Amino acid sequence: MKCAWQELLMILPQRLRGEIDRRGKETLQEVRLRVGQRVELIQSAGSEFLTAEARPEDLSFTVNAASRYSPWSAESASEGYITAPGGHRIGLCGECAIHNGIVQGIRAPTALCIRVAREHPGIGNGVPLSGSMLILGPPGSGKTTLLREIIRRRSQKECVAVVDERGELFPLGGVFDTGPRTDVLTGCRKVQGIQLLLKTMGPSCIAVDEITSKDDCDALISGAWCGVSLIATAHAADFGDLRRRKVYGDLAQRGIFDQFLVLRRDKSWHLERSGYAV
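Each value, and the rule that gives it
Residues numbered from 1 in each chain as written. Predicted model: local features only at pLDDT ≥ 70, side-chain atom pairs only at ≥ 80, totals over all residues. Heavy atoms only, no water. Helix = DSSP H or I, 4+ residues; strand = E, 2+ residues; numbered from the N terminus. Buried < 20%, exposed > 50% of the residue type's maximum accessible area, 1.4 Å probe, protein only. Arc of directions from axis to C-beta. Contact = heavy atoms within 4.5 Å. Salt bridge = Lys/Arg side-chain N within 4 Å of Asp/Glu carboxyl O.

Draft legend 1. Spatial organisation of the environment of T51. As for its position among the elements, T51 is in strand β3 (residues 46–53). You can call T51 exposed: its relative accessible area is 67%. Linking T51 and G167, residues 116 residues apart in sequence, is a C-alpha distance of 33 Å.

This is the structure:
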């Protein structure tokens, strides 16, 4: 079970590293830092608290270290998160900095949720490895982890091109196994990335993480018209929930996905086709 563990430790305050290293190296899923509250570790077997309380300077250090000391220059900060080295994601909460009614970032964060990026070989056992698939589930259900495993396995038999917009699926440095026929485009928006990969890499399958906008949906529809299969993830409880959401309307109705894999928070899953369970 691979994890860029040292990269994670280096973005944590030094006074917390030793205990977190001892307690969580194999099973840690999240670290929660809330100013004035005890540091919380979310493990695979449950939650536990350290004796240490999080301080404002702890949060500032983590944000600065994760963003290489340019936290508010990161475009993703306006969406409430920062992607740290190793693919770890840091969610921010606090007072929003707003300009012309648009959130620009989080000023003086009061809480951080650090999600630990891990590779789980075998997690995709039993998942179909052909056709187009949309992985659905709530936040924290493991969509990105499962997508990573499906990409690796599909690349055993076909060329898979990945638009890794945030560098979370396959962080630079070879932390995770991409598989033998996977080509990764990092740091590019899905709209441009899908078109670039179609023109330059000749993939039979294109994979992206977290569809969040109409532009993302339009890019996938355009890719489907070019004859490639697609793998993607989206926040939704099931196919019916996806179909009810305005941003996903065209995507759900165009029939570009053969199957919908629905994840639950307990990591179990089931398949649906056009809204019917398999």
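Draft legend 2. Just helix α5 (residues 190–200), in detail. Within α5, the full set of buried residues consists of K190, G193, I194 and L197. What you see down the axis of α5 is that its buried residues fit within an arc of 100°, all on one side. Facing away from the buried surface of α5 by more than 90 degrees, the exposed residues are K199 and T200. On its buried face, α5 is in contact with β8 (160–164), β9 (182–186), β10 (205–208) and α6 (214–225).

Draft legend 3. Examining the pattern of salt bridges more closely. Evaluation of the coordinates by the stated rule reveals 15 salt bridges. With a closest N to O distance of 3.1 Å, D241 and R245 form a salt bridge. Overall, R245 belongs to the partly exposed group, its relative accessible area being 34%. Sharing partners across several salt bridges, the network here consists of R89, R166, E168 and E210.

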